[in-house]
Amino acid sequence: AQKVTQAQTEISVVEKEDVTLDCVYETRDTTYYLFWYKQPPSGELVFLIRRNSFDEQNEISGRYSWNFQKSTSSFNFTITASQVVDSAVYFCALSLRGGGSEKLVFGKGTKLTVNP
Amino acid sequence: NAGVTQTPKFRILKIGQSMTLQCTQDMNHNYMYWYRQDPGMGLKLIYYSVGAGITDKGEVPNGYNVSRSTTEDFPLRLELAAPSQTSVYFCASSYSHSGDNEQFFGPGTRLTVL
């Protein structure tokens, strides 16, 4: 079965702290894709990153970085020097390819609150 | 370029009523999706479409119907509204399979069934 687990339901930090959001996934497929989306209080979903299962390189984009480790089936997201504008719900998602079917499985999300 | 638009933004229905949630995208995307988001939960796929005239069930299709007569439009139909369908509904689109491309989401429709 395919599953995404975001064990942290809510995290609260003070501005400028670093924070890591955990994502653990389960799949038997060898080809899959992982995503992070941000949902700010306004409600829309904003795409942050996509990573395929063959690319284990970590990625950094400004204050955001992602650590993909197939050995532990994890795709963690770190925000460095957090800001109030980072307050949002963050979703990790898993997409599978093949078989003519479409499967995109989301975790339950982690609500991040950054306090000034 | 408006992206993915959804109407209405809010709606209150009585049990047993029907309604159609509209979704339109202007990016010429082949794939379109409907999700529902319940409080404290992630998104769950209701239906998806890989092109005009082709639709398929997702994880939670019961109580819903869809059609895809054009590339741009992907309406979601609720025939007999039930309180369990109270949720926020998101429409999304992507150029191809979600693994190859990011999905672009609409602003959502907040539906309450009383």
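Predicted, not measured: the structure shown is a model, and the values here were computed from it.

Conventions and cut-offs
Residues numbered from 1 in each chain as written. Chains lettered and ligands numbered in written order. Predicted model: local features only at pLDDT ≥ 70, side-chain atom pairs only at ≥ 80, totals over all residues. Heavy atoms only, no water. Salt bridge = Lys/Arg side-chain N within 4 Å of Asp/Glu carboxyl O. Helix = DSSP H or I, 4+ residues; strand = E, 2+ residues; numbered from the N terminus. Disulfide = S-S within 2.5 Å. Buried < 20%, exposed > 50% of the residue type's maximum accessible area, 1.4 Å probe, protein only. Polar contact = N/O pair within 3.5 Å; in protein donor to acceptor, adjacent residues only side chain to side chain. Contact = heavy atoms within 4.5 Å. Pairing = 2+ DSSP bridges.

Enquirer: Any chance you could explain the pattern of salt bridges here in plain terms?
Expert: Oppositely charged side chains may form a pair once their charged atoms are brought near each other. All names here are of chain A. Counted by the stated rule, this structure contains five salt bridges over all chains. In this structure, the salt-bridge partner of Asp 86 is Arg 63, at a minimum N-O distance of 2.8 Å. Highlighted residues: Asp 86 in the loop between β9 (74-79) and β10 (88-96) and Arg 63 in the loop between β7 (59-61) and β8 (64-69), separated in sequence by 23 residues. Linked through salt bridges whose partners overlap, the residues forming this network are Arg 51, Asp 55 and Glu 59.

Enquirer: When you look at the state of the cysteines in this model, what are you seeing that I'm missing?
Expert: One way to say it: the disulfide is the covalent bond shared by the sulfur atoms of two cysteines. Under the criterion given, the structure shown has two disulfides over all chains. Across a sulfur-sulfur distance of 2.0 Å, Cys23(A) and Cys92(A) are joined as a disulfide pair. The disulfide joining Cys23(A) to Cys92(A) has a torsion of about -65° about its S-S bond and is therefore left-handed. Highlighted residues: Cys23(A) in the loop between β3 (19-21) and β4 (24-26) and Cys92(A) in strand β10, separated in sequence by 69 residues. Classification of Cys23(A) by relative accessible area gives buried; the value is 0%. Note that Cys23(B) is cross-linked by a disulfide to Cys91(B), the S-S spacing being 1.8 Å. Across the disulfide from Cys23(B) to Cys91(B), rotation about the S-S bond amounts to roughly -70°, and the bridge is consequently left-handed. Of this pair, Cys23(B) sits in strand β3 (residues 19-25) while Cys91(B) sits in strand β9 (residues 87-94), and the two are 68 residues apart along the sequence.

Enquirer: Looking at this structure, I do not really get the side chain of Arg36(B). What am I missing?
Expert: Residue and element names in this part refer to chain B. If you trace the backbone, Arg 36 turns up in strand β4 (residues 31-37). You can call Arg 36 buried: its relative accessible area is 11%. At a separation of 2.8 Å, a polar atom in the side chain of Arg 36 contacts the side chain of Tyr 64. Polar side-chain contacts of Arg 36 include one of 2.7 Å to the backbone oxygen of Ser 84. Ignoring sequence-local partners within four residues, the contact set of Arg 36 consists of Gly 42, Leu 43, Lys 44, Ile 46, Val 60, Tyr 64, Ser 84, Gln 85, Thr 86, Ser 87, Val 88 and Tyr 89.

Enquirer: Please clarify how unusual backbone geometry should be interpreted in this entry.
Expert: Excluding glycine, most residues fall at negative phi; most peptide bonds, likewise, are trans. Each neighbour pair has its own omega, and for Thr7(B) with Pro8(B) the value is -5°, a cis peptide bond. With respect to the secondary-structure elements, Pro8(B) resides in the loop between β1 (4-7) and β2 (10-13). Notably, Ser73(A) is not glycine yet its phi reads approximately 50°, a positive angle. Assignment of secondary structure puts Ser73(A) in the loop between β8 and β9. Although it is not a glycine, Asn28(B) sits at a positive phi angle of roughly 60°.

Enquirer: Would you mind showing me how to read the pairing of β9(A) here?
Expert: Each regular strand displays side chains that alternate between the two surfaces of the sheet. All names here are of chain A. By the criterion of burial, β9 is predominantly enclosed, with six of the six residues buried. When β8 meets β9, the two strands line up antiparallel, connected through six bridges. Residue pairing in the sheet places Phe 68 in a bridge with Phe 75 of β9. Connecting β8 to the next strand, β9, in antiparallel fashion are four residues, including Ser 73 with a positive phi near 50°.

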